[in-house]
Amino acid sequence: MDYSFFQHYWWLLVSLLGALLVFLMFVQGGQSLLFTIGRNETQQKMLLNSTGRKWEFTFTTLVTFGGAFFASFPLFYSTSFGGAYWVWILILLCFVLQAVSYEYQSKKGNLLGKKTYQIFLVLNGILGPVLIGAAVGTFFNGANFYVDKGNITDLGMPVISTWATYHGVQLHGLEAALNVWNLCLGLAVFFLSRILALLYFVNNISDEEVDTRSRRQLWIETGLFLVFFLTFAVHLLLQDGFAVNPATKEVFLAPNKYLHNLLEMPAVAGVFLAGVVLVLFGILTTLLSATRRGGIWFAGTGTVLTVLALLLVAGWNGTAYYPSVADLQSSLTIENSSSSLFTLKAMSVVSLLIPFVLVYIFFAWRALDLRKIDRTEMEESDQAY
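Just so you know, these numbers come straight off a predicted model, no measurement behind them.

A closer look at the overall build of the protein chain
Link 1 in the chain: Along the backbone of the protein chain there are 16 helices and four strands.
Link 2 in the chain: The globule rule puts the C-alpha radius of gyration for 385 residues at 21 Å, and the 21 Å found for the protein chain is close to it.
Link 3 in the chain: Principal-axis analysis of the C-alpha atoms gives the protein chain an extent of 65 × 45 × 45 Å.
Link 4 in the chain: Relative to its full complement of 385 residues, the protein chain shows a buried share of 51%.
Link 5 in the chain: Looking at the protein chain alone, contacts between residues at least 24 apart form 76% of all its contacts between residues at least 6 apart.
Link 6 in the chain: Charge separation in the protein chain, taken as the distance between the mean sites of 22 positive and 23 negative side-chain charges, equals 9 Å.

Quick word on the packing of aromatic side chains
Link 1 in the chain: Within this structure, the stated rule accounts for 43 aromatic pairs.
Link 2 in the chain: Their ring planes at 70° and their centres at 5.8 Å tell us that W11 and F69 sit as a pair that is edge-to-face. Separated by 58 residues along the polypeptide, W11 in helix α1 (residues 3-24) and F69 in helix α5 (residues 55-72) bring together distant segments of the chain.
Link 3 in the chain: Overall, W11 belongs to the buried group, its relative accessible area being 1%.
Link 4 in the chain: A relative accessible area of 1% means that F69 is categorised as buried.
Link 5 in the chain: Seen from their ring centres, Y77 and F81 are 4.2 Å apart, and the 15° between their planes marks the pair as stacked. With Y77 and F81 both in helix α6 (residues 74-83) and four residues apart, this pair spans about one turn of that helix.

Points about the environment of F191
Link 1 in the chain: Turning to its location among the elements, F191 is positioned in helix α9 (residues 180-204).
Link 2 in the chain: We classify F191 as buried; its relative accessible area is 11%.

Re the nonpolar core
One recurring pattern in soluble globular proteins is that nonpolar side chains are buried together.
Link 1 in the chain: With 101 residues, the main nonpolar core has W11, F69, F73, F139, Y321 and Y322 as its most contacted residues.
Link 2 in the chain: Counting residues per element, this core draws most heavily on α9, which supplies 14 residues.

Observations concerning the packing of helix α4 (residues 41-52) against helix α10 (residues 208-238)
Link 1 in the chain: Between α4 and α10, the shortest axis-to-axis distance is 11 Å and the interhelical angle comes to 70°. It follows that α4 is roughly perpendicular to α10 by the angle criterion. Classified by chirality, the crossing of α10 by α4 is right-handed. Residues Q43, M46 and L47 of α4 touch α10, and the partners they reach there are E209, V210 and R213.
Link 2 in the chain: Split by residue class, the contact of α4 with α10 holds three nonpolar, one polar and two charged.

Focus: the pattern of salt bridges
It is possible for side chains of opposite charge to pair when their charged atoms get near one another.
Link 1 in the chain: Evaluation of the coordinates by the stated rule reveals nine salt bridges.
Link 2 in the chain: With a closest N to O distance of 3.7 Å, E41 and K114 form a salt bridge. Here the residue E41 occupies a position in helix α4, and K114 occupies one in helix α8 (residues 114-141), the gap between them amounting to 73 residues.
Link 3 in the chain: The exposed category is assigned to E41, whose relative accessible area is 58%.
Link 4 in the chain: Judged by its relative accessible area of 27%, K114 is partly exposed.
Link 5 in the chain: Between R375 and D207 there is a salt bridge; the shortest N-O distance is 2.8 Å. Of this pair, R375 sits in helix α16 (residues 375-380) while D207 sits in the loop between α9 and α10, and the two are 168 residues apart along the sequence.
Link 6 in the chain: With relative accessibility at 30%, the residue R375 sits in the partly exposed group.

Quick word on the side chain of S15
Link 1 in the chain: Structurally, S15 can be placed in helix α1.
Link 2 in the chain: Contact partners of S15, with chain neighbours within four places excluded, come to L308, L311 and L312.

Quick notes on the environment of H167
Link 1 in the chain: Tracing the chain through its elements places H167 in the loop between β2 (161-163) and α9.
Link 2 in the chain: On a C-alpha basis, the gap between H167 and K45 in space is 46 Å, while along the polypeptide they are 122 residues apart.

Conventions and cut-offs
Residues numbered from 1 in each chain as written. Predicted model: local features only at pLDDT ≥ 70, side-chain atom pairs only at ≥ 80, totals over all residues. Heavy atoms only, no water. Helix = DSSP H or I, 4+ residues; strand = E, 2+ residues; numbered from the N terminus. Rg over C-alpha atoms; globule rule 2.2 N^0.38 Å. Buried < 20%, exposed > 50% of the residue type's maximum accessible area, 1.4 Å probe, protein only. Contact = heavy atoms within 4.5 Å. Lys, Arg positive; Asp, Glu negative; His and termini not counted. Charge placed at Lys NZ, Arg CZ, Asp CG, Glu CD. Phe/Tyr/Trp six-rings, centres within 6.5 Å; stacked < 30°, edge-to-face > 60°. Core = buried A, V, L, I, M, F, W, Y, C linked by side-chain atoms within 4.5 Å. Axes fitted to C-alpha atoms, helices over the stretch in contact; angles between N-to-C directions. Parallel < 35°, antiparallel > 145°, perpendicular 65-115°, else oblique. Left-handed = near helix turned anticlockwise from the far one by under 90°. Nonpolar A, V, L, I, M, F, W, Y, C, P; charged D, E, K, R; others polar. Salt bridge = Lys/Arg side-chain N within 4 Å of Asp/Glu carboxyl O.

Put into structure tokens, the structure is as follows:
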């Protein structure tokens, strides 16, 4: 268990947290469908309670993902969160709006009115997945920054990372959304979140109209998702990738780097293919059977496996996971951006508690879903959103 082992281990954990976050964004997907699936107040209330009982899981996973990244790869955290801060501020603002909206939409006497808070939830459901997907897209397409570790000795301004201008304008990360391939991934994540939400509604809500409408909408969302996901995946496998010379640590563009990563890491390729198959299986079994309700668990598991494999392809096998398009040699790898060996070892001991946390989440989730949401509960419960 040398330094390299712990660097790879923590990239695996960070990637797993990122994959879980993408799955849990079915909450955002459900919010974006509030007025599409819910045609009256009761149906909208059922949808909001279906997703509202899970939004804390998504938010907690987002915070944990950021914390794990900060602790294990602090140079990425300082570079991206310190330079591309407009993207992260917008993402944070979206989630703040979500938390406030769930808690205050049904409060008597709220100043903005229930409809305003519901619109906030729809905005979070649209912008959250797109922005997070675009931010992840920079792992493959690069970001606009410089890194000079020598600046740490500058007593006047000991700033290691600086953000470059985009066509003469300082956008601080917003340029990520102007890259067509980043946007393509963002839209793929958005439509995937809506697919997962529809599958979850079918599983979690006992209402014939909501069920029928969700299954019908699933055809549309699946078609749009496949367009953007396949476009991004094909481009990813054919594009030049950001490789690292193992001897000199020099970063260079290598043809079909991400395709070669999959071929050279067959276990990761197997995880990716298994994930894609499970997502499609979960969708198709729900579309082709009016009685199947368990598609969310197949598609959800497939989502986690697919995203996990993509993030491993971005960081393992001598690849710069956060490439710089302003200066290739400023690109970040798991070697040049990680914490010290002592820190990674100490955190690895703490990470052994993760299975216990997952068990707690399983039982908490199960307790919340013991009874399917229906009209009667919405009319009688005083705990509903």
